[in-house]
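Close look at the chain arrangement
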Amino acid sequence: MSATTRRPLLQFSLHWLALAVVLVAVVGLFAAARPATQEKVKEFGICAECHEDVCTDFKLVRHSEIKSDRWTKTALQVETVCANCHGDPAKHLEAGGGVGTIFAFRNTDAAQAKAEKCLECHSSTRSLFFASPHGQAAMDCTNCHGELMKTSEEKPRPSEICLSCHQDIGAQFKMNERHRLQEGVLECTTCHDQHAPSTRTRLGGFKDEECIRCHTDKGGPFLYEHEASRVEGCTSCHEVHGSHNRHMLTHQSTADLCFSCHAAAPSWHGFFSSQDTNCVTCHATIHGSNLSKRFLK
Ligand code: HEC
Ligand code: HEC
Ligand code: HEC
Ligand code: HEC
Ligand code: HEC
Ligand code: HEC
Ligand code: HEC
Ligand code: HEC
Ligand code: HEC
Ligand code: HEC
């Protein structure tokens with residue numbers, strides 16, 4: 001459903017509630033929905049007179065309900081929610097509108113200045129964001145949240161936003177062994193916090209927090225843990241986006257995977273070749289066990 005059709009519908013149902021009480025005829029409902037929409041636009045104050053397109057944007061309505069007294073403290077004493085992000089519009093109004101007289105995201109190069117506008121309210125993400133790979137790469141909130149101001153557009157799926165830049169990762173999700181991203185089983189944001197750093201030390205955390213949320217049986221706690229995953233988590237043995245190898249393993253041959261850490265198997269293993277032996281036919285509880293130190297059962 002498009003944004004423009006959704007809002008009148010919402011208001012329609014609100015009116016239905018109100019009018020049902022006084023038993024007004026159904027015909028009256030259609031007439032009543034229209035003035036209400038215009039009233040909503042009027043709430044954006046004087047800005048709506050020249051920026052009607054922007055002001056009828058459905059997505060903006062969410063932010064339009066923000067309560068702030070910053071605007072009323074400015075010289076002109078005109079109320080509008082738009083000032084929350086575009087700052088004091090006094091010069092803009094005195095000039096009768098126009099470019100360069102008000103804070104505009106598109107005309108501001110400094111990522112920090114743009115992010116600060118948003119962080120005035122979303123302050124809990126502040127310290128994390130500037131330390132994140134995105135903050136470090138001089139990105140700001142509008143690189144991904146441009147949809148806030150776009151009219152009549154469906155809110156994109158989070159992963160669509162990510163894939164607009166990370167196309168190489170998109171290719172991994174097309175391999176035959178992969179997580180079902182396209183099918184909507186998960187999003188990039190299921191595992192990643194785009195507002196925060198993803199440090200190597202979090203990899204163990206990834207194992208605990210994210211993977212195990214779905215793969216509960218791999219999480220233990222086990223009496224005998226496979227210490228392989230202690231530092232790097234599940235990624236010591238698995239690709240996480242997608243892979244050509246079975247079970248998204250990092251190696252095509254399971255033996256090669258095991259020997260990447262184990263210098264040698266016990267000597268009696270020597271009678272089966274490392275090429276074609278699937279070590280997990282015997283070491284079947286490879287993720288950990290309560291019964292066998294050698295992960296045999
Ligand atoms: C008298 C008409 C008028 C009013 C009232 C008005 N604007 Fe504008 N505004 C314009 C025009 C014309 C432009 C330049 C054309 C454009 O970019 O749309 C503009 C541009 C802008 C820009 C982009 C500026 C830039 O440098 O690129 C922003 C942001 C903006 N207006 C916000 C507001 C806000 C917020 C309000 C209410 C406080 C407001 N405007 C009220 C006419 C107006
Ligand atoms: C939650 C913060 C926020 C609020 C509130 C807000 N805007 Fe914006 N506005 C933005 C962002 C972010 C962009 C840039 C979008 C992009 O880059 O695609 C933008 C873009 C614009 C532009 C195009 C020029 C520019 O800055 O890039 C105009 C004009 C504009 N807004 C007017 C308004 C008006 C009028 C209101 C009040 C109805 C309003 N805005 C309320 C965040 C906001
Ligand atoms: C004046 C305070 C204020 C400012 C400035 C502000 N926001 Fe918000 N924002 C809010 C509030 C309040 C909510 C609603 C929170 C909720 O519903 O839990 C919100 C919600 C959001 C959401 C979630 C929207 C949704 O549909 O779920 C996003 C994304 C967001 N803001 C991004 C931004 C960005 C990007 C900027 C800067 C361009 C910005 N905000 C500026 C107060 C603000
Ligand atoms: C790399 C892209 C990207 C950047 C940069 C970014 N965001 Fe987000 N943000 C997202 C995505 C994707 C979501 C999740 C949307 C969803 O789940 O529907 C989100 C969600 C949010 C939400 C909703 C609540 C939440 O945490 O889930 C808020 C608020 C928000 N972002 C604020 C900000 C602010 C403020 C900035 C700048 C300091 C920012 N974002 C920078 C991509 C980004
Ligand atoms: C506008 C482009 C853009 C968008 C959109 C974007 N990113 Fe990024 N991302 C970058 C850049 C630039 C870097 C830093 C350079 C690099 O490591 O590639 C980065 C870095 C990262 C990293 C760290 C990479 C590393 O090697 O440590 C992760 C993880 C990441 N992004 C995930 C996401 C997710 C998840 C989303 C969607 C919510 C997203 N990105 C959206 C541009 C983007
Ligand atoms: C199942 C969880 C999961 C999902 C879903 C996921 N990732 Fe990752 N991603 C990880 C883990 C774990 C790592 C490795 C740890 C790290 O580098 O932070 C990683 C690494 C990355 C990296 C840096 C390393 C590299 O390969 O370049 C980027 C960039 C990235 N992911 C982006 C994305 C994007 C974009 C999406 C969605 C299209 C996505 N991820 C979906 C878990 C996931
Ligand atoms: C020491 C290497 C190693 C580590 C660490 C590891 N795995 Fe595995 N995993 C394997 C191997 C080998 C297989 C294939 C087993 C087989 O062929 O029966 C596998 C199979 C799987 C499977 C598919 C088969 C099944 O049993 O459901 C899932 C899901 C899985 N692993 C998730 C995880 C998760 C989640 C983590 C982190 C908690 C993790 N793995 C850590 C080696 C590992
Ligand atoms: C939102 C839930 C979810 C999260 C989080 C998640 N997975 Fe998965 N994973 C799945 C589902 C569902 C499948 C089965 C894919 C399919 O539909 O074929 C799967 C498949 C796998 C497989 C392949 C299993 C096989 O039989 O080949 C591996 C390996 C795996 N996940 C590892 C991980 C790792 C490592 C992480 C953390 C970085 C992780 N998963 C996070 C849901 C999740
Ligand atoms: C990322 C490195 C890594 C990978 C890959 C790995 N292991 Fe391990 N494994 C370890 C570590 C560390 C221990 C703890 C004991 C040690 O240091 O040898 C261990 C312990 C074991 C043990 C218990 C023996 C003992 O000495 O306590 C067995 C059996 C085992 N691994 C089998 C396997 C098999 C089979 C594979 C391949 C599917 C495999 N491992 C892959 C790192 C790894
Ligand atoms: C036919 C079954 C079988 C296969 C296949 C097998 N193992 Fe084992 N493995 C065992 C048994 C049984 C033990 C325990 C021996 C003991 O306790 O002395 C063991 C022990 C181990 C140990 C622990 C040695 C120690 O110091 O305690 C490692 C490491 C190991 N195997 C690695 C591998 C690797 C790597 C492969 C694949 C190349 C593999 N195994 C294939 C049966 C097997």
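Residues numbered from 1 in each chain as written. Chains lettered and ligands numbered in written order. Predicted model: local features only at pLDDT ≥ 70, side-chain atom pairs only at ≥ 80, totals over all residues. Heavy atoms only, no water.

1. Points about the site of ligand 1
For ligand 1, the set of nearby residues contains 19 residues, the closest of which are Cys47, Cys50, His51, His92 and Arg106. Within the side chain of His92, one N or O atom sits 2.8 Å away from a nitrogen atom of ligand 1. Here an oxygen atom of ligand 1 and a backbone polar atom of Gly100 are 2.8 Å apart. Counting residues per element, the ones that place at least two in the shell around ligand 1 are α3 (47-50) and α7 (90-94). (Near = heavy atom within 4 Å. Polar contact = N/O pair within 3.5 Å; in protein donor to acceptor, adjacent residues only side chain to side chain. Helix = DSSP H or I, 4+ residues; strand = E, 2+ residues; numbered from the N terminus.)

2. Brief notes about the coordination of the iron atom of ligand 7
For the iron atom of ligand 7, the full set of protein donor atoms is His238 (NE2) and His287 (NE2), and the range of their distances to it is 2.0 Å. Coordination at the iron atom of ligand 7 is octahedral, judged from the six donor atoms that bind it and the angles of 89 to 179 degrees they form at the metal. With His238 in the loop between α16 (229-232) and β3 (242-243) and His287 in the loop between α17 (254-259) and β4 (288-289), this pair connects stretches of sequence that are 49 residues apart. His238 gets classed as partly exposed once you look at its relative accessible area, which sits at 23%. By relative accessible area, which is 37% here, His287 ends up partly exposed. (Donors = N, O, S within 2.8 Å, 3.2 Å for Na, K, Ca; no water. Tetrahedral: all angles 85-135°; square planar, octahedral: opposite > 155°, others 65-115°. Buried < 20%, exposed > 50% of the residue type's maximum accessible area, 1.4 Å probe, protein only.)

3. Quick word on the site of ligand 10
Of all residues adjacent to ligand 10, which total 14 residues, the nearest are His269, Cys279, Cys282, His283 and Arg294. Between a nitrogen atom of ligand 10 and a side-chain N or O atom of His283, the distance comes to 2.8 Å. A distance of 3.0 Å separates an oxygen atom of ligand 10 from a polar side-chain atom of Arg294. The class makeup of the residues in the shell around ligand 10 is nine nonpolar, four polar and one charged. (Nonpolar A, V, L, I, M, F, W, Y, C, P; charged D, E, K, R; others polar.)

4. Some remarks on the coordination of the iron atom of ligand 1
Within the protein, the iron atom of ligand 1 binds to His51 (NE2) and His92 (NE2); these donor distances fall in the range 2.0 Å. Around the iron atom of ligand 1, the six donor atoms are arranged such that angles at the metal cover 88 to 179 degrees; this shape is classified as octahedral. Of the two residues, His51 sits in the loop between α3 and α4 (52-55) while His92 sits in helix α7, which places them 41 residues apart along the sequence. A relative accessible area of 39% places His51 in the partly exposed class.

5. Quick look at unusual backbone geometry
A cis amide bond links Gly220 with the next residue in sequence, Pro221, at an omega value of 5 degrees. Structurally, Pro221 is set in the loop between α15 (202-214) and β2 (224-225). Its identity as a non-glycine residue notwithstanding, His247 has a phi of 55 degrees, on the positive side.

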